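Observations on the three-dimensional arrangement
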Amino acid sequence: MSYLLTTLLKKHEVDSIIKDTIDKVLVLRFGRASDAVCLQLDQILSKAVRDVSKFATVALVDVDSEDVQVYVKYFDISLIPSTVFFFNAHHMKMDSGTADHTKWIGAFHRKQDFIDVVEAIFRGAMKGKLIVNCPLPPERIPKYQLLYKDV
């Protein structure tokens, strides 16, 4: 399903979509088209993209592309898929009860979960917030263990 969504392979493409997306939430999925969990997330994103089109733009970023490694390092994309949210070129964060508020790690369980998260980010951003609370119940938030290097 990733062929239905815009795929960004170059740094300047990521730069321009972040800069040019105004008054909408920008959803960037960092991952690989060959990964099973990424494909599951891509299917959910492609089904929901029409429903969120009035307040969100969805794009995919290939983590294997050499040109976007600066973003992979900056956002610490060590687990894939990782979904990062922006509003008017500001990085939006979400408190989902996990250790990392900067991105959503893993796939959403269903289409409505994704729509609810994007809508919560949009509503918070319109009020001037840079971090919002996750609207999903804890059982529908993917669990993962963070490993810190050299600590």
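Residues numbered from 1 in each chain as written. Predicted model: local features only at pLDDT ≥ 70, side-chain atom pairs only at ≥ 80, totals over all residues. Heavy atoms only, no water.

The name given to the protein in an unreviewed UniProt entry is Thioredoxin-like protein 4B, with the source organism recorded as Arachis hypogaea. According to its UniProt record, the protein has this under Subunit (unreviewed entry): "Homodimer. Interacts with the U5-102 kDa protein subunit of the spliceosome." In its Sequence similarities (unreviewed entry) section, UniProt records this for the protein: "Belongs to the DIM1 family." (UniProt positions renumbered as here; feature names shortened; annotations may be inferred.)

If you look at the biggest cluster of nonpolar residues, it comprises 30 residues, and the most contacted ones within it are Val 25, Phe 85, Trp 104, Phe 108, Phe 114, Val 117 and Val 118. Mapped by element, the contributors of at least two residues to this core are strand E2 (25-31), helix H2 (36-48), strand E3 (56-62), strand E4 (82-87), strand E5 (90-95) and helix H4 (111-126). Ranked by residue count, the leading element in this core is H4, at seven residues. Apart from the residues lying within four places of it in its own chain, the contact partners of Val 118 are Val 25, Val 27, Phe 55, Ala 56 and Phe 85. If you look at the next biggest cluster of nonpolar residues, it comprises 17 residues, including Val 61, Val 68, Tyr 71 and Val 84. (Core = buried A, V, L, I, M, F, W, Y, C linked by side-chain atoms within 4.5 Å. Buried < 20%, exposed > 50% of the residue type's maximum accessible area, 1.4 Å probe, protein only. Helix = DSSP H or I, 4+ residues; strand = E, 2+ residues; numbered from the N terminus. Contact = heavy atoms within 4.5 Å.)

Next up on the list: the packing of aromatic side chains. How two aromatic rings sit relative to each other is given by the distance of their centres and the angle of their planes. Going through the model one piece at a time under the given rule, you end up with eight aromatic pairs. Seen from their ring centres, Phe 87 and Phe 122 are 6.0 Å apart, and the 70 degrees between their planes marks the pair as edge-to-face. Of this pair, Phe 87 sits in strand E4 while Phe 122 is found in helix H4, placing the two residues 35 residues apart along the sequence. An identical accessibility class is assigned to Phe 87 and Phe 122; each is buried. Judged by centre distance (5.4 Å) and plane angle (70 degrees), the rings of Phe 108 and Phe 114 are edge-to-face. (Phe/Tyr/Trp six-rings, centres within 6.5 Å; stacked < 30°, edge-to-face > 60°.)

So, on to the pattern of salt bridges. Opposite charge on two side chains lets them pair, provided their charged atoms get close. For the structure on display, the rule yields eight salt bridges. Asp 15 is paired through a salt bridge with Lys 11; the nearest N and O atoms lie 2.8 Å apart. Of this pair, Asp 15 and Lys 11 both sit in helix H1 (residues 11-20), four residues apart, which is roughly one turn of that helix. Of the charged contacts, one joins Arg 140 and Asp 113 as a salt bridge, the two residues approaching to 2.9 Å between their closest N and O atoms. Here Arg 140 is found in the segment after strand E7 (131-133), whereas its partner Asp 113 is found in helix H4, with 27 residues between them in sequence. (Salt bridge = Lys/Arg side-chain N within 4 Å of Asp/Glu carboxyl O.)

Further remarks concern the environment of Lys 10. Tracing the backbone through its elements, the reader meets Lys 10 in the loop between strand E1 (6-8) and H1. For Lys 10, a relative accessible area of 41% puts it in the partly exposed group. Considered as a pair, Lys 10 and Val 61 are 51 residues apart in the sequence and their alpha carbons are 8.7 Å apart. In this view, Lys 10 contacts Asp 67 and Val 68; residues no more than four positions away in its chain are not counted.

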